[in-house]
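Listed below, chain by chain, are the residues.
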Amino acid sequence: MIIKEALRLAAKKLSGVAQRPLFEAEILLSNILKQDRVYLHLHNEEVLEEKLLNIFLKDIEKRAQNYPVEYITKRVSFYSEEFYIEEGVLIPRPETELLIDKVLENVNLDEKVTVAEIGVGSGVISIILAKKLKNARFIATDISKKAIEVTKINLKNHSVEERVDLRNCSLLDCVEEKVDIIVSNPPYIAKDFKLDKNVLFEPEEALFGGERGDELLKRIIDIALLKEAKLLICEMGYDQKESLKRYCEKKGLKPKFYKDLAGLDRGFVLKTDNYNLKEIS
């Protein structure tokens, strides 16, 4: 079978699960051939070796069962860079790039600060920030040993393993040091929320934040106050703004909320006292 026919067959197979079936088919075949997608178009009449074709068809069958493309290729793009990913670790979403933007908007790039990330996942947030904030020290935690393993790979691949102190624990239970900034994209989905089929293969502990979904976010706010952190920046659910706003106001805090590209409430920036940081955007 030639490349063009294989892609056509695969796209048809994926039409029920993918928004861009041909694009995903090209990604999967490019991964197998270790070529970019341009190669597929320039060599679309080339005959695929039977062994490679069989691998491709198996991958397509996997994807047709809603298994994520990123887990098949073990690659994910985030903030214009490529990271290693595997099953058992949350796949980074494009909207989480806004979390990084908010940190960079509110922190002096040359500031000597200690940044703690709660729930490091695959490590993408701490790694991008480590590249941007050259004088900052990073401590990143996660309760998942699998997440720690994957982050170690990404730290090494991006040459920042000396910049990020990785620790396996819940929240900041293993962090005794003073921290200036806390960032987190924690689990924030309500327990009874029905997940999209494409998310079912991702780890539940990285998705669900409690009965209402905002319980863990409130705990993180409390931790930020207990640790006397100067700045807290978190991602949240689109329907949690009012709940978190009320919780902060009871503590005399005034969070600034931000929206994602779809216009949905997606996170908040909380400055806890006067500090030599930029004014909150």
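One can find the structure itself at the top, above this paragraph.
Only a predicted model underlies this, so the values are computations on that prediction, with no experimental measurement involved.

Caption draft 1: Summary view of the environment of Val107. Tracing the chain through its elements places Val107 in the loop between helix H6 (97-106) and strand S3 (114-118). Residues Val107 and Lys245, 138 residues apart in the sequence, show an inter-C-alpha distance of 22 Å.

Caption draft 2: Looking closely at the nonpolar core. Counting residues in hydrophobic clusters, the biggest one holds 62 residues, and the most contacted among them are Leu29, Phe56, Ile100, Leu129, Phe138 and Val183. Tallying contributions element by element places helix H7 (residues 124-132) first for this core, with six residues. Apart from residues no more than four positions distant in its own chain, Val183 is found in contact with Val103, Val115, Ala116, Glu117, Ile118, Ile125, Leu129 and Ile233. Leu172, Tyr188, Leu195 and Val199 belong to the second-largest nonpolar core, a separate cluster that totals 28 residues.

Caption draft 3: Structural view of the sheet that holds strand S4 (residues 137-142). What the seven strands build is an open sheet, ordered S5-S4-S3-S6-S9-S11-S10; its pairing is mixed. Both outer strands of the open sheet, strand S5 (164-168) and strand S10 (256-259), are each paired with one neighbouring strand and no more. Averaged over neighbouring strand pairs, the angle between their axes works out to 15 degrees when direction is ignored. In the packing of H6 onto the sheet, contacts are made with strand S6 (181-184), strand S9 (231-235), S10 and strand S11 (265-271), and the angle to S9 comes to roughly 160 degrees. Each of S3, S6, S9 and S11 touches helix H9 (residues 215-226); the most contacted strand, S9, lies at about 170 degrees to it.

Rules of the game
What you see as residue numbers is a count from 1 along each chain, following the sequence as written. Only residues with pLDDT of 70 or above have their local features reported here, since the model is predicted, and side-chain atom pairs are shown and tallied only from 80 upward, although totals for entire chains, interfaces and linings are computed over all residues. Side-chain measures were taken over the full set of non-hydrogen atoms in the model, leaving aside hydrogen atoms and water. Helical segments are the DSSP runs of H or I of at least four residues, strand segments are the runs of E of at least two, and each set is numbered from the N terminus. Residues belong to a common nonpolar core when they are buried Ala, Val, Leu, Ile, Met, Phe, Trp, Tyr or Cys residues joined through side-chain atoms within 4.5 Å. Remark: exposure states derive from per-residue accessible area (1.4 Å probe, protein chains only) relative to the maximum for the residue type, with buried under 20%, exposed over 50%, and partly exposed in between. Any two residues whose heavy atoms approach within 4.5 Å at even a single point are treated as in contact. A pair of strands counts as paired when DSSP detects no fewer than two bridges linking them. Each axis is a line fitted through C-alpha atoms, and for a helix only the stretch in contact is used; angles between axes span 0 to 180 degrees, taken between their N-to-C directions.

Everything listed here is a matter of coordinates, which is why it stays silent on function.
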